[in-house]
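Close look at the chain arrangement
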Amino acid sequence: MTAEGGGLRWMGEQAVVTAPAEIDAANAGEIRQALLAAASHDAAVLIIDMSATTFCDSAGVQAIIDTYNQAAATQTQLRLVATAVLRILTLVGVDQLTPIYPTLEAALAGAPTAAASVPDPDDPR
Amino acid sequence: MEVGGVEVAAPVSRAALEDRLRDIQSITDAALSRLDDHDLLAELIERTRAVLLADTAAVLLLDFSSGHLIATAAAGLEEEVRQGVRIPVGRGFAGRIAAEHQPVILDHVDHSTVLNPILWAKGIRALMGVPLIAGGKVIGVLHVGSLTPREFTGEDLELLQLAADRAATAVASLMAQEDRVAAEALQRSLLPPAPPVVGGAEIAVRYVAGEGKVGGDWYDVFTLPSGQLGIVIGDVTGAGLPAAVIMGRMRSTLRAYALESADPAEVLARLDAKMQHFEPGALATVLYAVLDPGLERIHICSAGHYPPVVASPQRPAELADVPPGLLIGAVPGARRRVATMRIGQGTLFCFYTDGLIERRGQRIDDGLARLCQAVKAEPPDTACATVMGALVGGEAAPDDIALLIFRRQP
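Before going into details, it helps to say that this report is about the structure given with it. (Residues numbered from 1 in each chain as written. Chains lettered and ligands numbered in written order. Predicted model: local features only at pLDDT ≥ 70, side-chain atom pairs only at ≥ 80, totals over all residues. Heavy atoms only, no water.)

1. Quick word on the packing of helix α1 (residues 28-39) of chain A against helix α2 (residues 58-73) of chain A
Residues and elements named next belong to chain A. For clarity, the threshold we go by: Angles shown run from 0 to 180 degrees and are taken between the N-to-C directions of axes, each axis being a line fitted to C-alpha atoms and, for helices, limited to the stretch in contact. Note on conventions: DSSP H or I runs of at least 4 residues are helices, E runs of at least 2 residues are strands, and numbering of each starts at the N terminus. Angle categories: roughly parallel below 35 degrees, roughly antiparallel above 145, roughly perpendicular from 65 to 115, and oblique for all the rest. Left-handed describes a crossing whose near helix is turned anticlockwise from the far helix through less than a right angle; right-handed describes the clockwise counterpart. Should any heavy atoms of two residues lie within 4.5 Å, those residues are considered in contact. Think of it as three bins: nonpolar holds Ala, Val, Leu, Ile, Met, Phe, Trp, Tyr, Cys and Pro, charged holds Asp, Glu, Lys and Arg, and polar takes everything else, Gly as well.
The interhelical angle for the contact between α1 and α2, taken along N-to-C directions, is 15 degrees, at an axis separation of 9 Å. As judged from the angle between their axes, α1 and α2 are roughly parallel. Helix-helix and strand crossings are classified by hand; for α1 and α2 the assignment is right-handed. Along its contact with α1, which presents A28, R32, L35, L36 and A39, the element α2 presents A59, G60, A63, D66, T67, Q70 and A71. Among the residues making up the contact of α1 with α2, the classes are represented as seven nonpolar, three polar and two charged.

Printed below as a string of structure tokens:
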């Protein structure tokens, strides 16, 4: 996956980065760079497509969180697509930051998801 | 070589060049078998100075946390090391070499080209420096200087780069070794040697470094003045000494806030705020549990950490229902929620880090299912042995593993 190569593609104003099958300390640095580059393009929406990702450890989670913070700074809305790694992303609370969709089509359509996308300090839960 | 009282540089023959190469090779080959990198560096610069007929030689190593090059070894320029010279990457002669990953030759040395006053005060007239690169990263700079005017040649540069390349690998592996020893010592000093004795509580622990390398996993268990028992398990993203250092700071910070608040959500929220301010960029999962003085209830708050596995004599093991919360260090003001549950007599809680259940090529749910199968409401020491046997077996774990098992006496 590279920032300007096959990893990043545009669907209108929406940028899509496809993540590899496995993300760990060995490749997370490179992925993080590609994601940060993608997040600095002033896209309206950046989608990280992790539908082919089956393993994502804490280094991968760090790359996503850094991307979220970068995207927030440039007013880019971040969306994720995940199935196999949905559990780990939910566990570490990534779904509280950004909506997670089961398919790329759903992410492109951008319907609201069940999980709140922004932490609400007044939420009594 | 002197001709009529005037020193001239002789054309270097192929054989002479090979001799010079061999000289340099001999430094690093011998050094690889030694453990002290200061000996290696001292010998490297002495040989480099001799081979290049230079007056001074120095090595500056990059301190990753500050982004400064620090004078570590010098010949003919010992003041550099004794005065603790630090050069920011990107500035001055050495700083430029490190920033651009490129050699720099200066045949004019003064305050406009060189940041470090020691170099020009010493009367150095010409300087040549190259980056030390290991694993694609600059780890330092090696430079030589001349007290008389001199134009360093392309061949000189080639030799210096060769010495640097050979040395970089050795230095990097020695530095990694030193870091590993320091991280292990730190890790050992921070994990409580024996759990506190609390009436009715049985506790057992395990820590295993992943593939020989410690990381940022930790557990902690302590009593509070109120008579409550605190249990912590956490995992700092990253590995080695940097992760272990951050882990140490988080452990102390959490203990301090635990004294101030009985609410685990409040403690984690304060820890999060402290980390975001003082350790920006650091990320960690932490679970903090507070048990009532009679051990009848447990209050658990998770910041991105796996929920514990609960087992009781009456019920098979399952994952505790703990609301997920964002990792520590992710975003400011994350919501923190607490799950409170009753602890029956003989009930066991198994706290662990991801190294126990995550394996490449396997789904996390499979790892969690295997863990739930392995956990039984047995004495904690036995339970630790059973869990490690079932999930690790004879394999070396790729990532480090922390495991803490608590049981309320049956």
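2. Overview of helix α10 (residues 380-391) of chain B
Each α-helix winds once per 3.6 residues, and so residues spaced three or four apart point in a common direction. This is how the line gets drawn: Multiplying one less than the number of residues by 1.5 Å gives the expected span of a helix.
Helix length check: α10(B), at 12 residues, gives a terminal C-alpha distance of 16 Å against a target of 16 Å (1.5 Å per residue), a fit within 8%. A positive backbone phi angle near 60 degrees is found at G393(B), which sits one or two residues after α10(B).

3. Points about unusual backbone geometry
Residue and element names in this part refer to chain B. Definition in use: Exposed residues in this analysis have more than 50% of their type's maximum accessible area, buried residues have under 20%, and partly exposed residues fall in between, with area computed by a 1.4 Å probe over protein chains only.
The phi dihedral of H101 falls on the positive side, at around 55 degrees, and the residue is not glycine. Mapped onto the elements of the fold, H101 is located in the loop between α4 (92-100) and β6 (104-106). For H101, a relative accessible area of 39% gives the class partly exposed. The phi dihedral of L295 is positive, around 65 degrees, even though this residue is not glycine. Inspection of the secondary structure assignment puts L295 in the loop between β12 (284-291) and β13 (297-303). Look at L295 and you get buried, because its relative accessible area is 2%.

4. Here we look at the sheet that holds strand β9 (residues 201-208) of chain B
All names here are of chain B. In plain terms, the rule: Any two strands with at least two DSSP-identified bridges between them are counted as paired.
Taken together, five strands build an open sheet; the order of strands is β9-β18-β17-β14-β15 and the sheet is antiparallel. Among the strands making up the open sheet, the edge pair consists of β9 and β15 (318-319). Relative to strand β17 (residues 348-352), strand β14 (residues 309-311) is paired through three bridges, and the arrangement is antiparallel. Across the sheet, the residue bridging to V310 is F349, located in β17.

5. Some points on the packing of helix α7 (residues 240-260) of chain B against helix α8 (residues 264-278) of chain B
Residues and elements named next belong to chain B. Running from N to C, α7 and α8 point in directions that differ by 135 degrees, and their axes come no closer than 9 Å. On the basis of the axis angle, α7 is oblique to α8. Relative to α8, the crossing made by α7 is right-handed. Note on element contacts: α8 touches α7 through V267, L268, R270, L271, K274 and M275, opposite I246, R249, M250, T253, L254, Y257, A258 and E260. Looking at the contact of α7 with α8 residue by residue, the classes come out as nine nonpolar, one polar and four charged.

6. A word on the environment of R297(B)
Residues and elements named next belong to chain B. The following threshold applies: Here a polar contact is recorded for every N or O atom pair within 3.5 Å, except that within protein the pair must consist of a potential hydrogen donor and a potential acceptor, and residues adjacent in sequence are included only if both atoms are side-chain atoms.
Tracing the backbone through its elements, the reader meets R297 in strand β13. Spatially, the C-alpha atom of R297 lies 24 Å from that of L368, the residues being 71 residues apart in sequence. Among the polar contacts made by the side chain of R297, one reaches the side chain of D292 at a distance of 2.9 Å.

7. Focus: the pattern of salt bridges
All names here are of chain B. For the record, the criterion: Criterion for a salt bridge: a side-chain nitrogen of Lys or Arg within 4 Å of a carboxyl oxygen of Asp or Glu.
On inspection of all chains with the given rule, the structure shows 16 salt bridges over all chains. Between E46 and R49 there is a salt bridge whose closest N-O contact spans 3.2 Å. Of this pair, E46 and R49 both sit in helix α2 (residues 37-51), three residues apart, which is roughly one turn of the helix. Between R249 and E279 there is a salt bridge, and its shortest N-O distance comes to 3.1 Å. Remark: E279 occurs in the loop between α8 and β12 and R249 occurs in helix α7; sequence separation between them is 30 residues.

8. Some details on the environment of L52(B)
Residues and elements named next belong to chain B. By the secondary structure assignment, L52 is in the loop between α2 and β3 (56-63). Here L52 falls in the buried class, since its relative accessible area comes to 1%. On a C-alpha basis, the gap between L52 and V144 in space is 8.2 Å, while along the polypeptide they are 92 residues apart.

9. Brief notes about empty space enclosed by the protein
Unoccupied space between atoms shows up once a probe the size of one water molecule is rolled over them. The following threshold applies: Every definition here rests on a 1 Å grid over the protein atoms only: cavities are sets of points where a 1.4 Å probe fits but cannot get out, pockets are open sets enclosed by protein on both sides within 12 Å along at least five of seven lines, and lining residues have some atom within 4 Å of a point. Grid points are joined across faces, edges and corners, and a volume is the space filled by probe spheres set on the points.
Under the counting rule described, the total for this entry stands at four cavities of 30 Å³ or more. Approximately 120 Å³ is the volume attributed to the largest cavity. Lining the largest cavity we find 15 residues, and of these S58(A), V92(A), T285(B), G304(B) and D354(B) sit closest to its centre. Mapped onto the lining of the largest cavity, the elements with two or more residues apiece are α2 and α3 (86-91) of chain A together with β11 (229-239) of chain B.

10. Focus on the pairing of strand β6 (residues 77-82) of chain A
A regular strand places its side chains on the two faces of the sheet in alternate fashion. All names here are of chain A. With five of its six residues buried, β6 lies for the most part within the structure. Here six bridges tie strand β4 (residues 45-50) to β6, and the two strands are oriented parallel to one another. Counted as the bridge partner of M50 is A82 from β6. With two bridges joining them, β6 and strand β7 (residues 100-101) adopt parallel strand pairing. Residue pairing across strands places L80 opposite I100, the latter belonging to β7.

Shape is all these values report; function is a separate question.
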